[in-house]
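Breakdown of the fold
So you can see what is in the structure, the chains are spelled out below.
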Amino acid sequence: SQQGEEDPQALSIQEGENATMNCSYKTSINNLQWYRQNSGRGLVHLILIRSNEREKHSGRLRVTLDTSKKSSSLLITASRAADTASYFCATARGGETSGSRLTFGEGTQLTVNP
Amino acid sequence: ETGVTQTPRHLVMGMTNKKSLKCEQHLGHNAMYWYKQSAKKPLELMFVYNFKEQTENNSVPSRFSPECPNSSHLFLHLHTLQPEDSALYLCASSQPGTGALAKNIQYFGAGTRLSVL
């Protein structure tokens, strides 16, 4: 079955630096989403990119999608200590009705040091 | 607040106990999900409900029993659990759609931290 994989597993940077996380997947997708999870809490949706899109921006977030390589990246610019969290990519399969599964990756733990 | 409320937030139970987790969403969604999140493992989808009907059971042991009385409420009944069932249990909801324009953005509750002794 399809599985998203993020790398790196952990990333530690200084405040003000940019953070880049990558995600790979295996099968065709309808869209790819990024979620954030603060320690011990639920996931919060950040941004969605459709399979026919290549790049999307939302505030300090920039997502790219390369369907030929089955990969995506999430860039957080000018990071802040409050960005410290785990970040997950999730893929919605192509050819299915929604209200079904998202497949989540293992996540990248981002630590932003003040 | 995401509009999805889970109770209790923390639960400690013995292996012979019976308990229930509750999830309520105020978003008008018609799809609800249970996930299990264990340390150092990917999020595991357990159950999916669409319009109150179970549409997916991801080979979950029978000691976990879901119930969806209406589109706003979802329960997970627990009995004779094992210590390896200790985890964060997350509920989510989404608005179903069809075709290429469907988004399936999921809204999560804060989770129930379950410890099985």
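Notes on the structure follow. (Residues numbered from 1 in each chain as written. Chains lettered and ligands numbered in written order. Predicted model: local features only at pLDDT ≥ 70, side-chain atom pairs only at ≥ 80, totals over all residues. Heavy atoms only, no water.)

Some thoughts on the overall build of chain A
Looking only at helices and strands, chain A has 0 helices and 11 strands in total. For chain A, the succession of helices and strands along the chain, N to C, is β-β-β-β-β-β-β-β-β-β-β. The C-alpha atoms of chain A give a radius of gyration of 14 Å, which matches the 13 Å a tight globule of 114 residues would have. Once the C-alpha set of chain A is aligned to its principal axes, its extents read approximately 45 × 30 × 20 Å. Classification of the 114 residues of chain A by burial places 47% in the buried group. Counting only contacts in chain A whose residues sit at least 6 apart along the sequence, the fraction spanning at least 24 positions is 57%. In the structure as shown, chain A presents an accessible area of about 5100 Å², 44% of it carried by carbon and sulfur atoms. One finds the centroid of the 13 positive side-chain charges in chain A at a distance of 6 Å from the centroid of its 11 negative side-chain charges. (Helix = DSSP H or I, 4+ residues; strand = E, 2+ residues; numbered from the N terminus. Rg over C-alpha atoms; globule rule 2.2 N^0.38 Å. Buried < 20%, exposed > 50% of the residue type's maximum accessible area, 1.4 Å probe, protein only. Contact = heavy atoms within 4.5 Å. Areas by Shrake-Rupley, 256 points an atom, 1.4 Å probe, with all protein chains shown as cover. Lys, Arg positive; Asp, Glu negative; His and termini not counted. Charge placed at Lys NZ, Arg CZ, Asp CG, Glu CD.)

Examining the state of the cysteines
A covalent bond between the sulfur atoms of two cysteines is referred to as a disulfide. Residues and elements named next belong to chain B. Inspection of the entire model under this criterion finds 2 disulfides over all chains. The side chain of Cys23 participates in a disulfide bridge whose partner is Cys91; the two sulfur atoms lie 1.9 Å from each other. Handedness here is read from the sign of the S-S torsion; for Cys23 and Cys91, about -75 degrees, the answer is left-handed. Of this pair, Cys23 sits in strand β3 (residues 18-25) while Cys91 sits in strand β9 (residues 87-94); the two residues are 68 residues apart in sequence, bridging distant segments of the chain. For Cys23, a relative accessible area of 0% puts it in the buried group. Left without a disulfide partner, Cys68 is nearest to the cysteine sulfur of Cys91, which lies 9.0 Å away. (Disulfide = S-S within 2.5 Å.)

Considerations on the interface of chain A and chain B
Each partner contributes residues to the interface: chain A has 23 residues there, and chain B has 31 residues. Regarding the contact of chain A and chain B, the summed buried area is about 2100 Å², with carbon and sulfur atoms giving 48% of it. Taken together, chain A and chain B are joined by 0 salt bridges. One can count 3 residue pairs in polar contact (both at pLDDT 80 or more) joining chain A with chain B. Secondary structure elements with two or more residues in the side of chain A that touches chain B: β4 (29-37), β5 (43-50) and β10 (102-104) of chain A. At 5 residues, β4 of chain A tops the list of elements feeding residues into the side of chain A that touches chain B. Split into classes, the residues belonging to the side of chain A that touches chain B amount to 6 nonpolar, 13 polar and 4 charged. (Buried area = accessible area lost by both parts, 1.4 Å probe. Salt bridge = Lys/Arg side-chain N within 4 Å of Asp/Glu carboxyl O. Polar contact = N/O pair within 3.5 Å; in protein donor to acceptor, adjacent residues only side chain to side chain. Nonpolar A, V, L, I, M, F, W, Y, C, P; charged D, E, K, R; others polar.)

Here's the deal with the sheet that holds β3 of chain B
All names here are of chain B. Read from one edge of the open sheet, 4 strands run β1-β3-β8-β7, paired in antiparallel fashion. If you trace the sheet from one side to the other, it starts and ends with β1 (4-7) and β7 (64-70), each paired once. Ignoring strand direction, the axes of neighbouring strands in this sheet form an average angle of 15 degrees. (Pairing = 2+ DSSP bridges. Axes fitted to C-alpha atoms, helices over the stretch in contact; angles between N-to-C directions.)

Things to note about the nonpolar core
By size, the foremost hydrophobic cluster in this structure holds 22 residues, and its most contacted members are Trp34, Phe64, Leu76 and Leu78 of chain B. When residues of this core are traced back to their parent elements, those giving at least two are β2 (10-13), β3, β4 (31-37), β5 (44-50), β7, β8 (73-79), β9 and β11 (112-116) of chain B. Aside from chain neighbours lying at most four places away, what touches Leu78 of chain B is Leu11, Met13, Asn17, Lys18, Lys19, Leu21, Arg63, Phe64 and Leu114 of chain B. With 20 residues, the next largest nonpolar core counts Ile13, Met21, Cys23 and Ile76 of chain A among its residues. (Core = buried A, V, L, I, M, F, W, Y, C linked by side-chain atoms within 4.5 Å.)

What about the environment of Ala81 of chain A?
All names here are of chain A. Here Ala81 shows up in the loop between β8 (71-76) and β9 (85-93). Residue Ala81 is classed as partly exposed on the basis of its relative accessible area, which comes to 31%. Between the C-alpha atoms of Ala81 and Asn113, which are 32 residues apart in sequence, the distance is 5.9 Å. Those residues in contact with Ala81 that sit more than four places away from it in its chain are Glu15, Val112 and Pro114.

Thoughts on the packing of aromatic side chains
Counted by the stated rule, this structure contains 7 aromatic pairs over all chains. Clustering of aromatic rings is evident, with ring pairs tying together Tyr35 and Phe104 of chain A together with Tyr33, Tyr35 and Phe108 of chain B. (Phe/Tyr/Trp six-rings, centres within 6.5 Å; stacked < 30°, edge-to-face > 60°.)

Considering the side chain of Gln25 of chain B
All names here are of chain B. Mapping Gln25 onto the fold places it in strand β3. Separated by 3.3 Å, the side chain of Gln25 and the backbone nitrogen of Gly28 make a polar contact. The contacts of Gln25, once residues within four sequence positions are left out, are Gly3, Val4, Met32, Ser71, Ser72 and Ser93.

With respect to the sheet that holds strand β6 (residues 55-58) of chain A
Residues and elements named next belong to chain A. If you walk across this open sheet you meet the 5 strands as β1-β3-β8-β7-β6, and the pairing is antiparallel. A strand with exactly one partner marks an edge of an open sheet, and here the two such strands are β1 (5-7) and β6. Strand-to-strand twist across the sheet, computed as the mean angle between neighbouring axes with direction ignored, equals 20 degrees. In terms of strand pairing, strand β7 (residues 61-66) meets β8 through 6 bridges, oriented antiparallel. Paired with Leu61 across the two strands is Ile76, which belongs to β8.

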